[in-house]
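The lines below spell out each chain.
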Amino acid sequence: MLKVARYAAQATHAGARVHREAPAQGRSEYQRDRDRIIHSTAFRRLEYKTQVFVNHEGDLFRTRLTHSLEVAQISRSIARQLHLDEDLTEAITLAHDLGHTPFGHAGQDALNACMKPYGGFEHNLQSLRVVDHLEQRYGGFDGLNLTFETREGILKHCSRKNALRLGAVAERFIKRRRPSLEAQLVNLSDELAYNNHDVDDGLRSGLVTMEQLTTVPIFRQHQTLALKDFPELNGRRLVHETVRRMISTLVSDLTRQSLANIRMHAPQSADDVRRLPLLIAFSPRIEKQQIELKQFLRINLYQHYRVARMSSKARRIIADLFNALLAEPKLLPPDFQARAREDKPRAIADYIAGMTDRYAMLEHRRLFAVEPV
Ligand code: MG
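Values in this document were obtained by computation on a predicted structure and should not be read as measured data. (Residues numbered from 1 in each chain as written. Predicted model: local features only at pLDDT ≥ 70, side-chain atom pairs only at ≥ 80, totals over all residues. Heavy atoms only, no water.)

> Explain the side chain of Thr255 to me, using residue names and the numbers behind them.
With respect to the helices and strands, the residue Thr255 is situated in helix 13 (residues 235–265). For Thr255, a relative accessible area of 5% corresponds to the buried category. The contact partners of Thr255, leaving out residues within four places of it in the chain, are Ile78, Gln81 and Leu82. (Helix = DSSP H or I, 4+ residues; strand = E, 2+ residues; numbered from the N terminus. Buried < 20%, exposed > 50% of the residue type's maximum accessible area, 1.4 Å probe, protein only. Contact = heavy atoms within 4.5 Å.)

> Tell me what's going on with the coordination of the magnesium ion, and back it up with residues and numbers.
Ideal geometry at a metal centre: 109.5 degrees between donors when four sit tetrahedrally, and 90 or 180 degrees when six sit octahedrally. Summarising the metal site, the magnesium ion is bound by the protein donors His67 (NE2), His96 (NE2) and Asp190 (OD), whose distances to it range over 2.1 to 2.4 Å. When the donors of the magnesium ion are listed by position in the chain, the intervening gaps give H-x28-H-x93-D. With His67 in helix 3 (residues 64–82) and His96 in the loop between helix 4 (86–95) and helix 5 (104–115), the pair connects residues that are 29 residues apart, well separated along the chain. By relative accessible area, His67 is classed as buried at 0%. (Donors = N, O, S within 2.8 Å, 3.2 Å for Na, K, Ca; no water.)

> Could you give me a rundown of unusual backbone geometry, with the residues and numbers involved?
The backbone of Phe103 sits at a positive phi, close to 65°, despite the residue not being glycine. Among the secondary structure elements, Phe103 is positioned in the loop between helix 4 and helix 5. Residue Phe103 is classed as buried on the basis of its relative accessible area of 5%. Of note in the backbone geometry, Asn145 takes a positive phi value of approximately 50° without being a glycine. Along the chain, Asn145 falls in the loop between helix 6 (123–134) and helix 7 (148–154). For Asn145, a relative accessible area of 5% translates into the label buried.

> Provide a residue-level description of the packing of aromatic side chains, including the pertinent values.
One pass over the full model with this rule turns up three aromatic pairs. Ring plane angle 40° and centroid distance 6.5 Å describe the contact between Tyr118 and Phe322, whose orientation is recorded as tilted. Here Phe322 lies in helix 16 (residues 305–327) and Tyr118 lies in the loop between helix 5 and helix 6, a separation of 204 residues in the sequence. On the basis of relative accessible area, Tyr118 is assigned to the partly exposed category, the value being 37%. With relative accessibility at 1%, the residue Phe322 sits in the buried group. Consider the rings of Phe336 and Tyr351, whose centres lie 5.0 Å apart with planes at 50°: the pair is tilted. Here Phe336, found in helix 17 (residues 334–340), pairs with Tyr351, found in helix 18 (residues 344–353); they are 15 residues apart in sequence, far enough to count as distant. Phe336 sits in the buried class, given a relative accessible area of 15%. One residue, Arg339, lies across the ring of Phe336, its end atom 4.8 Å from the ring centre. The positively charged end of Arg358 is found above the aromatic ring belonging to Tyr48, 3.8 Å away from the centroid. (Phe/Tyr/Trp six-rings, centres within 6.5 Å; stacked < 30°, edge-to-face > 60°. Lys NZ or Arg CZ within 6 Å of the ring centre and 35° of its normal.)

Dropping the structure here:
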């Protein structure tokens, strides 16, 4: 088994699973969590769910699956340098987006609006719901029965009201404690990955241009470095040489700053970490540069009229599906009908949240198209 620092999560003392099981054989408890996530149905759905571009818009844009793999690559590299538990880091990473609706944030906002009178919808809570309740693979329990540390890492944020309802896994939101360093790391690796791959996807789509991006300091600096090494470079290769340098800078910065924070606070155990401030962090200078890049992406990519047009359509698709199913729950597949008898709006939200982009569009056509589908 890999040796980790004393401040890392300790697989040999992994927090209990809700349902008692025999100890994992030939792999650590966190490896077992990771393996269960990879074999889940929700994980395979990530292939056809998107963040910015809807699945049918092009084959080369990131999907939630490739995004999750990129985050796993980044978070594991850093975990190794910080002597954290790589398996736990990977498990949290691969599960972090499982609760996302189709159509990215537009889908989440639309489903949340539909669910307003019934307790709301939040993708982060939904990821936990997928691994705790919705996966149906085991004889003895619903969900994947993951360890405490993986579940805690999935639950990135949580309101006080929800925290009281969720119990131990959300206790830190009431006690104002921090999660494991592995969870903190996944959180920032997620941001690091999407900022960079959205630059790449944004350029590929033609919605943003290289000229626009050179107004963003962090991009300009790294493009200059790329051109210093390869003065003749242009086009896609220049994009890649720039983006890979940005990723390297961010990874090194995050590693360096986090190590300095760990040294300064000197946590002696994973429990100590929970009482300290967040230790995994970018340096203030890089943090500022990341905010500039994020602002650029928000204005020029996420709010681009072509993205807004698709988001608007996505909102209508989700709202139409929700309202039709709420009015006529007999349109739900049988297993969801059974659940709808207990809590109709929540069962519908679970059904819709589980849809891939293309499934949601197909279901919408089945319910609303006048021509035969
Ligand atoms: Mg993510």
